[in-house]
Amino acid sequence: MILLGEIMIKTTAMMLEELRDYGNPRMKLSRMVRDGEIYSVVKGLYETDRNTPAHLLAGSVYGPSYISFEYALSFYGLIPEGVYTVTCAAFDKKKKKEYNTDFGTFTYRDVPSAAFSLEVRLIREGDYFYRIAGPEKALCDKLCTVPPVRNIKEMAELLTADLRIEEDDIASLDFETVQQLSERYRSGNVKRLAAYMRRLAR
């Protein structure tokens, strides 16, 4: 849990501890939410600043997790669209989870556990820290969620036509990173991404 500065994410237990001198801490907490002194994110989690960007809360809403997929690809400028749902990776959760909150929408889906901890960056933004996949990892995560392609030509079409990633941007990704990741994902799509990048480098 992030506990830096005056603006912070707090759990119910933390809030009740802070309000322990009140006769009924839970009632006091309810009044604080009602009066806009603190804001409920999801059950059991509160934020002191209503204007906190959603991506700063993603790791606390559900974890362990890190930001990836479309949100991360947009963050790095690999896809042209703005992405407003904070898309996150988790593991061994079996099914996709979605949380619609006053701060934004968060989704969480599995990636292979063997690849989960690789190529994830810890970024500080003000008094908050959040975890986000590097660009190569975000693309590998995304490719694991789409139907498998049969060859390099179909991979090129998937990347440039469907995802609308520029070929130059694909070529600028680190091939060694993708190659190493492909060994952990055991995904045909990720292996074909590596093969496509190898061809671009010729």
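It should be noted that the structure appears before, not after, this text.
Before going into details, it helps to say that this report is about the structure given with it. (Residues numbered from 1 in each chain as written. Predicted model: local features only at pLDDT ≥ 70, side-chain atom pairs only at ≥ 80, totals over all residues. Heavy atoms only, no water.)

### With respect to the packing of helix α6 (residues 152-162) against helix α9 (residues 188-200)
For step 1, the next point in the chain: Between α6 and α9, the least distance of the axes is 9 Å, while the angle of their chain directions is 90°. The orientation of α6 with respect to α9, classified from their angle, is roughly perpendicular. For the pair α6 and α9, the contacting residues are Ile152, Met155, Ala156, Leu159 and Thr160 in the first and Asn189, Arg192, Leu193, Ala195, Tyr196 and Arg199 in the second.
For step 2, the next point in the chain: By residue class, the composition of the contact of α6 with α9 is seven nonpolar, two polar and two charged. (Axes fitted to C-alpha atoms, helices over the stretch in contact; angles between N-to-C directions. Helix = DSSP H or I, 4+ residues; strand = E, 2+ residues; numbered from the N terminus. Parallel < 35°, antiparallel > 145°, perpendicular 65-115°, else oblique. Contact = heavy atoms within 4.5 Å. Nonpolar A, V, L, I, M, F, W, Y, C, P; charged D, E, K, R; others polar.)

### A word on the pattern of salt bridges
For step 1, the next point in the chain: Evaluated as defined, the whole model comprises six salt bridges.
For step 2, the next point in the chain: The partner of Glu154 in a salt bridge is Arg150, with the nearest N and O atoms 2.5 Å apart.
For step 3, the next point in the chain: Classification of Arg150 by relative accessible area gives exposed; the value is 66%. (Salt bridge = Lys/Arg side-chain N within 4 Å of Asp/Glu carboxyl O. Buried < 20%, exposed > 50% of the residue type's maximum accessible area, 1.4 Å probe, protein only.)

### Some words on the side chain of Lys28
For step 1, the next point in the chain: Mapped onto the elements, Lys28 comes out in helix α2 (residues 25-34).
For step 2, the next point in the chain: For Lys28, which is buried and forms no salt bridge, the nearest opposite charge comes from Glu37, at a distance of 4.6 Å. (Lys, Arg positive; Asp, Glu negative; His and termini not counted.)

### A few points about the nonpolar core
For step 1, the next point in the chain: In this structure, Val61, Leu139 and Leu159 are the most contacted members of the largest nonpolar core, which totals 54 residues.
For step 2, the next point in the chain: Discounting chain neighbours no more than four positions away, the residues touching Val61 are Val41, Val42, Leu45, Tyr99, Phe106 and Tyr108.
For step 3, the next point in the chain: The next biggest cluster of nonpolar side chains, apart from the first, holds seven residues, and it includes Leu16, Leu19, Met32 and Ile38. (Core = buried A, V, L, I, M, F, W, Y, C linked by side-chain atoms within 4.5 Å.)

### Comments concerning the packing of helix α5 (residues 135-143) against helix α8 (residues 175-185)
For step 1, the next point in the chain: Following both chains from N to C, one finds α5 and α8 inclined at 40°, their axes separated by 10 Å at the closest point. Remark: the crossing between α5 and α8 carries right-handed chirality. From α5, Glu136, Lys137, Cys140 and Asp141 reach across to α8, where they touch Thr177, Val178, Leu181 and Tyr185.
For step 2, the next point in the chain: Tallied by class, residues from the contact of α5 with α8 come to four nonpolar, one polar and three charged. (Left-handed = near helix turned anticlockwise from the far one by under 90°.)

### Comments concerning unusual backbone geometry
For step 1, the next point in the chain: Here the residue pair Gly63 and Pro64 is connected by a cis peptide bond, since its omega of 0° sits within 30 degrees of zero.
For step 2, the next point in the chain: Examined against the element boundaries, Pro64 turns out to sit in the loop between α3 (58-61) and β4 (66-67).
For step 3, the next point in the chain: Unusually for a residue other than glycine, Asp92 sits at a positive phi of about 60°.
For step 4, the next point in the chain: Notably, Arg164 is not glycine yet its phi reads approximately 60°, a positive angle.
For step 5, the next point in the chain: Relative to the elements of secondary structure, Arg164 occurs in the loop between α6 and α7 (167-172).
For step 6, the next point in the chain: The class of Arg164 is partly exposed, set by a relative accessible area of 45%.

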